[in-house]
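Secondary and tertiary structure notes
The lines below spell out each chain.
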Amino acid sequence: MPNDAFSTTPAHPTPAGADYFRTVADLQMALVKGAWLVQRQQWEAMAAWQRAVAAVQRELTDQWICRFGGGVPLDG
């Protein structure tokens, strides 16, 4: 058999059922990748929510310090 890059005949014949297992593996990888993407989006949403809550907490603490602490917060 000549070494031709454009040949449609595979160099080594694939065993029976190899296409089925490849399809099943591809499906599993697609499902796992989708699950990881959803999980990442959930983590990003939680991180954004925590940043917002932290900013509110800092603002409330600064207001409390100005009102009851007797001065301006050090981070000013």
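Look up a bit, the structure's there.
Just so it is clear, the model here is predicted, and its values are computed rather than measured.

Turning to the overall build of the chain, a few remarks are in order. The helix and strand inventory of the chain stands at one helix and zero strands. By the burial criterion, 3% of the 76 residues in the chain qualify as buried. A total accessible area of about 7,300 Å² is found for the chain, and carbon and sulfur atoms account for 64% of it.

For helix α1 (residues 18-68), built from 51 residues, the straight-helix expectation of 75 Å at 1.5 Å per residue is met to within 8% by its first-to-last C-alpha distance of 74 Å. Positioned one or two residues after α1, Gly 70 has a phi angle of 90°, which is positive.

With that settled, consider the packing of aromatic side chains. Applying the stated criterion across every chain yields a total of two aromatic pairs. Taking 5.5 Å as the distance between ring centres and 70° as the angle between the ring planes, the aromatic pair formed by Tyr 20 and Phe 21 counts as edge-to-face. When sorted by exposure, Tyr 20 lands in the same class as Phe 21, which is exposed. A centroid spacing of 5.9 Å and a plane angle of 45° characterise the contact between Trp 64 and Phe 68, whose relative ring orientation is tilted. Residue Trp 64 and its partner Phe 68 are located together in helix α1, separated by four residues, close to a single helical turn.

There is a patch of nonpolar side chains on the surface, built from Trp 43, Met 46, Trp 49 and Val 53 and spanning about 460 Å² of accessible area. Along the chain, the position of Met 46 falls in helix α1. For Met 46, a relative accessible area of 36% gives the class partly exposed.

This paragraph deals with the pattern of salt bridges. Evaluated as defined, the whole model comprises one salt bridge. The shortest N-O distance in the salt bridge between Arg 40 and Glu 44 comes to 3.6 Å. Here Arg 40 pairs with Glu 44, and both are found in helix α1, just four residues apart, close to one helical turn. Looking at Glu 44, the relative accessible area reads 46%, which means it is partly exposed.

About the cut-offs
Residues numbered from 1 in each chain as written. Predicted model: local features only at pLDDT ≥ 70, side-chain atom pairs only at ≥ 80, totals over all residues. Heavy atoms only, no water. Helix = DSSP H or I, 4+ residues; strand = E, 2+ residues; numbered from the N terminus. Buried < 20%, exposed > 50% of the residue type's maximum accessible area, 1.4 Å probe, protein only. Areas by Shrake-Rupley, 256 points an atom, 1.4 Å probe, with all protein chains shown as cover. Expected span 1.5 Å × (residues − 1). Phe/Tyr/Trp six-rings, centres within 6.5 Å; stacked < 30°, edge-to-face > 60°. Patch = residues over 30% accessible without salt bridge, like charges linked within 9 Å, V, L, I, M, F, W, Y side chains within 5 Å. Salt bridge = Lys/Arg side-chain N within 4 Å of Asp/Glu carboxyl O.

Worth remembering: the numbers are spatial, not functional.
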